Amino acid sequence: MNTNNPEDTFSSLSKKRNYGFPLILITSLFFFWGFIHNLDPILIKHLRSAFQLNHFQASLVDSSVFAAYFLLAIPAGMIIQKYGYKTGILVGLFFFAAGCFMFVPAANTISYPFFLGALFVLSCGLAILETAANPYITVLGAPEKATQRLNFAQSFNGLAASIAPIVGGIFILGEEPKSQQEFSGLDQAAKLAYIHAETSLVKGPYIILGLIILLVMLLFLFVKLPEVTESKEKSTKNFLQVLGVKNVGWGVLAQFFYIGAQIYVFSFLLVFAEDAINMKGQEAKYYAGVAGFLFMIGRFAGTFFMKYMSPQKLLKIYSVISIALTIWVIFGSGISTLYALVVLTFFMSIMFPTIFALGIEGAGAETKSASSLLIMSIVGGAIIPPIASKITDILGNIHFSYIVPLLCFIIVFLFSLRFKNKKSSI
């Protein structure tokens, strides 16, 4: 079916099987984890100011989030293999909600490590959800439309990315935080009162989000979802052996570096605006919102382009443009570098779902294991940002830290070269 309406991706699937509603329900999960991930840039700036952290210490927010993906991806795959996608989703939603509620004691105890712990628990839920939902979308319908279907679902992740920075900026950032000089001038009691007031701002948004996730969990509990079998063959390989299946190993490598680049670009966008051009957080949050909006538009545009161009070719083009924009961020100056960083998000948009779909393509009975490994590779988000942040702390210039994302996009480009540019059947 050759149509210009992306929503037909869903409607065309429901002709022979009733996949329409399950796809819509699963797609809602992409919005929720996109929303929580895109609160992280606000949280990083807020906690950095509240606890007077350096760049490396602030990057531990990303480390806490994405370390969970590394540790939980394989257990999540085992849960899904044994009990099915629905059980995996329910377990993931439980940890998601629990992590949100942990922000209350974290704020009450004025403890940065407690915040990191809450983020870790929350992200354990996200790791399980993504391990289940990403492959579920790809197998829930016509195989030749798997990449397009995943890009369409991930577009709602992009929708959340455009909303979360604005919402977070309003409810979490509040007034412009004190500078390091202003904070240093306070006595000990005033410092504790200031930190407590700042950390308390995060409680409301995360409590509301936790309650919403509990409601979604109840919905999934009572709605019947089809359990799709990817292959009649039984898995005969362990997780390490699965790395040698088709494109899985290269997909894991490319995903590791791409996620690291994406997380650094988004998480430190507000910090970049402050350090590079002295822009206040209340103004910079709108640039973060625009970045999220472009990320969303990029996903919808990618879904459309894949009707006429192979996913691997589009990935190649987008990675080359991403390389060029990152070079300008490194060597340019002034507000144009912030513009380049914002525009970069459009061209990053298709990379995760496209690498994921190409990575598990043809994995057959090993699809769930391959999915776990690709989700596990998201640990790049825990490793790459601290490395880039350390460069900023050492050199005192945040521009040079984007050499790390540059190398990441080069690796994505090399991954795209592995595939022949055959005409897309999507």
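Residues numbered from 1 in each chain as written. Predicted model: local features only at pLDDT ≥ 70, side-chain atom pairs only at ≥ 80, totals over all residues. Heavy atoms only, no water.

Side note on the overall build of the chain
When you go through the chain residue by residue, the secondary structure sums to 21 helices and 0 strands. Within the chain, counting contacts between residues at least 6 apart in sequence, those at least 24 apart form 85% of the total. If you sum the accessible surface of the chain, you get close to 16,500 Å²; carbon and sulfur atoms cover 67% of it. (Helix = DSSP H or I, 4+ residues; strand = E, 2+ residues; numbered from the N terminus. Contact = heavy atoms within 4.5 Å. Areas by Shrake-Rupley, 256 points an atom, 1.4 Å probe, with all protein chains shown as cover.)

Notes on the packing of helix 18 (residues 351-360) against helix 21 (residues 403-416)
Their axes nearest at 12 Å, the elements helix 18 and helix 21 cross at an angle of 40°. Relative to helix 21, helix 18 is oriented oblique. At the point where helix 18 passes helix 21, the crossing takes the left-handed sense. Residues Met351, Ile355 and Leu358 of helix 18 form the contact with helix 21, whose own contacting residues are Phe409, Val412 and Phe415. Here the residues of the contact of helix 18 with helix 21 are counted per class, giving 6 nonpolar, no polar and no charged. (Axes fitted to C-alpha atoms, helices over the stretch in contact; angles between N-to-C directions. Parallel < 35°, antiparallel > 145°, perpendicular 65-115°, else oblique. Left-handed = near helix turned anticlockwise from the far one by under 90°. Nonpolar A, V, L, I, M, F, W, Y, C, P; charged D, E, K, R; others polar.)

Quick word on helix 17 (residues 335-348)
Residues separated by three or four positions in an α-helix point in the same direction, a consequence of the helix having 3.6 residues per turn. In this model helix 17 runs 20 Å from its N-terminal to its C-terminal C-alpha over 14 residues, within 8% of the 20 Å that 1.5 Å per residue would give. Along helix 17, 10 of the 14 residues are buried, which leaves the element largely enclosed by surrounding structure. Every buried residue of helix 17 is listed here: Thr337, Leu338, Ala340, Leu341, Val342, Leu344, Thr345, Phe346, Phe347 and Met348. Looking at the buried residues of helix 17, the elements they touch are helix 13 (248-267), helix 14 (269-277), helix 15 (281-305), helix 16 (311-331), helix 18 and helix 21. (Expected span 1.5 Å × (residues − 1). Buried < 20%, exposed > 50% of the residue type's maximum accessible area, 1.4 Å probe, protein only.)

A look at the pattern of salt bridges
According to the stated counting rule, one finds 1 salt bridge in the structure shown. Glu274 serves as the salt-bridge partner of Arg48, at 3.6 Å between the closest nitrogen and oxygen. Here Glu274 lies in helix 14 and Arg48 lies in helix 3 (residues 40-50), a separation of 226 residues in the sequence. In this structure Arg48 comes out as buried when scored by relative accessible area, which is 16%. (Salt bridge = Lys/Arg side-chain N within 4 Å of Asp/Glu carboxyl O.)

Things to note about the nonpolar core
Counting 138 residues, the largest nonpolar core has Ile26, Leu29, Phe96, Tyr206, Phe220, Tyr258 and Tyr402 as the members making the most contacts within it. Of all the elements, helix 7 (residues 112-139) adds the most residues to this core, at 16 residues. Beyond its immediate chain neighbours, meaning those up to four positions away, Phe220 contacts Leu25, Ile26, Leu29, Lys86, Ile89, Leu90, Leu93 and Leu225. (Core = buried A, V, L, I, M, F, W, Y, C linked by side-chain atoms within 4.5 Å.)

Some words on the side chain of His55
Within the secondary structure, His55 sits in helix 4 (residues 55-83). Setting aside chain neighbours within four positions, we find His55 in contact with Arg48, Phe268, Val271, Asp275, Ser389, Thr392 and Asp393.

A look at unusual backbone geometry
Of note, Gln52 is a non-glycine position whose phi angle comes to about 55°, a positive value. Assignment of secondary structure puts Gln52 in the loop between helix 3 and helix 4. The backbone of Asn278 shows a phi angle near 60°, a positive value even though the residue is not glycine. The topology assignment puts Asn278 in the loop between helix 14 and helix 15. Under the relative-accessibility criterion, Asn278 is labelled exposed at 59%.

Digging into helix 14
Three or more residues of helix 14 are buried, namely Leu269, Leu270, Val271, Phe272 and Ala273. Just downstream of helix 14, Asn278 is the residue with a positive phi angle, here 60°.

Brief notes about the packing of aromatic side chains
For the structure on display, the rule yields 25 aromatic pairs. Residues Phe272 and Tyr402 carry aromatic rings whose centres are separated by 5.5 Å and whose planes lie at 85° to one another, so their mutual orientation is edge-to-face. Pair noted here: Phe272 is in helix 14 and Tyr402 is in the loop between helix 20 (380-395) and helix 21, with a separation of 130 residues, a long-range link. Phe272 gets classed as buried once you look at its relative accessible area, which sits at 1%. One aromatic cluster is present, built from ring pairs that chain together Phe51, Phe103, Tyr112, Phe115 and Tyr206. (Phe/Tyr/Trp six-rings, centres within 6.5 Å; stacked < 30°, edge-to-face > 60°.)

A few points about the side chain of Ser389
With respect to the secondary-structure elements, Ser389 resides in helix 20. Setting aside anything within four residues of it in sequence, one finds Ser389 in contact with His55, Phe56, Ser59, Tyr264 and Phe268.

Points about the packing of helix 4 against helix 7
Packing of helix 4 against helix 7 leaves a shortest axis separation of 7 Å and a crossing angle of 35°. Two packed elements cross with a definite hand, and for helix 4 against helix 7 that hand is right-handed. Here the contact of helix 4 with helix 7 is composed, by residue class, of 21 nonpolar, 5 polar and 1 charged.

A short note on the confidence of the model for the chain
Scored by pLDDT, the chain has a mean of 83; 86% of the residues are at 70 or more. Within the model, pLDDT remains below 50 along residues 1-16, and this stretch shows 24 contacts once partners closer than five positions in the same chain are excluded. Overall, residues 422-426 carries pLDDT values under 50, and its contacts beyond four positions in sequence, including any with other chains, amount to 14 contacts. (pLDDT = per-residue confidence, 0-100.)

Quick word on the environment of Ile212
Structurally, Ile212 can be placed in helix 11 (residues 203-222). As for Ile212 and Phe32, which are separated by 180 residues in sequence, their C-alpha atoms are 9.5 Å apart.

Regarding the environment of Lys145
The topology assignment puts Lys145 in the loop between helix 7 and helix 8 (146-173). Separated by 162 residues in sequence, Lys145 and Lys307 place their C-alpha atoms 9.4 Å apart.

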